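Analysis of the macromolecular model
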Amino acid sequence: MGWIKTGDERKPEKNEVYWVTCIYGETPTVIPARYTWQSRWENLSGEKCDPFAWWPAKRPAPARLKKKEPYLVFPKYKIGSNGLNTKIKAHLLPDTEMRKLGFIDYQEGYWHFSKILRGSIIFGVTISKADTDDFHIDVLDDDFYQPYDYQRMLSQKSYHEPNPYAIAVYEKVERWMDYLQQAGVLSGHVRGEYI
């Protein structure tokens, strides 16, 4: 078995994917492409390609792989209107104690606690001074201005080993949750449960 030039009388099966050799610039490159009809080929993005030759065996199916179990398996939980586990509650301490713990007047009417976990990943707790049911716990990627969802990353089966960066973030979040629970500002969280 060897490469077959595209002008050869042997034709591949219609709508099947084969390995083809295309010339890009001056570099022969092997890519997967689908034979459509009348000597027409398309790459897997659906764009026409003009291969020099094709390999007479169809592209094999991917190897069978088994996903690894997740790093975290959360017990059942309910999510409240603030997007957090309903077991977690916020509590206010006197202003001087809140400040000693590291809270600042984030905006009028709210306390805010913020710590850098790793690189641009930030842990933050915001609590309303008027209503402790109005609170948020966030883990944000400050580089991209969006949540860093380490819990999802670590709680899904994957073909890869658990993300060590996400594990480090998880460990630091748990430390700060413990710190705030020991101080009496938060309650109800159990290590390993969904936040």
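See the structure shown above.
Below you will find a few notes about this structure.

Conventions adopted
Residues numbered from 1 in each chain as written. Predicted model: local features only at pLDDT ≥ 70, side-chain atom pairs only at ≥ 80, totals over all residues. Heavy atoms only, no water. Helix = DSSP H or I, 4+ residues; strand = E, 2+ residues; numbered from the N terminus. Rg over C-alpha atoms; globule rule 2.2 N^0.38 Å. Buried < 20%, exposed > 50% of the residue type's maximum accessible area, 1.4 Å probe, protein only. Contact = heavy atoms within 4.5 Å. Lys, Arg positive; Asp, Glu negative; His and termini not counted. Charge placed at Lys NZ, Arg CZ, Asp CG, Glu CD. Pairing = 2+ DSSP bridges.

**Remarks on the overall build of the chain**
Helix and strand content of the chain: three helices and 13 strands. Whereas a compact globule of 195 residues would reach a radius of gyration of roughly 16 Å, the chain reaches 28 Å, over 25% beyond that. Dimensions of the chain, computed from C-alpha atoms along their principal axes, come out at roughly 85 × 35 × 25 Å. Residue burial in the chain is summarised as follows: out of 195 residues, 34% are buried. Sequence separation of at least 24 residues holds for 49% of the intrachain contacts in the chain that already meet a minimum separation of 6. Averaged over its 27 positive side-chain charges, the chain has a centre that lies 8 Å from the centre of its 26 negative ones.

**Some points on the sheet that holds strand β11 (residues 135–141)**
Hydrogen bonding along the main chain pairs the strands of a sheet, whether they run parallel or antiparallel. Pairing is antiparallel across the open sheet formed by five strands, whose spatial order is β8-β9-β10-β11-β12. Looking along the sheet, the strands with just one partner apiece sit at the ends: β8 (104–107) and β12 (146–147). Sheet analysis places strand β9 (residues 110–118) next to strand β10 (residues 121–128), joined by eight bridges and oriented antiparallel. Across the sheet, Tyr-110 pairs through a bridge with Ser-128, a residue of β10.

**Overview of the pairing of β9**
One ladder, built from three bridges, connects β8 with β9; its direction is antiparallel. Bridging from a neighbouring strand, Gln-107 pairs with Tyr-110 of β9. The antiparallel pairing of β8 with β9 creates a hairpin that spans two residues between the two strands, and Gly-109 there sits at a positive phi of about 90°. Here β9 folds back onto β10 in antiparallel fashion, the turn holding two residues, of which Gly-119 has a positive phi close to 55°.

Take it as geometry only, folks, not as evidence of what the structure does.
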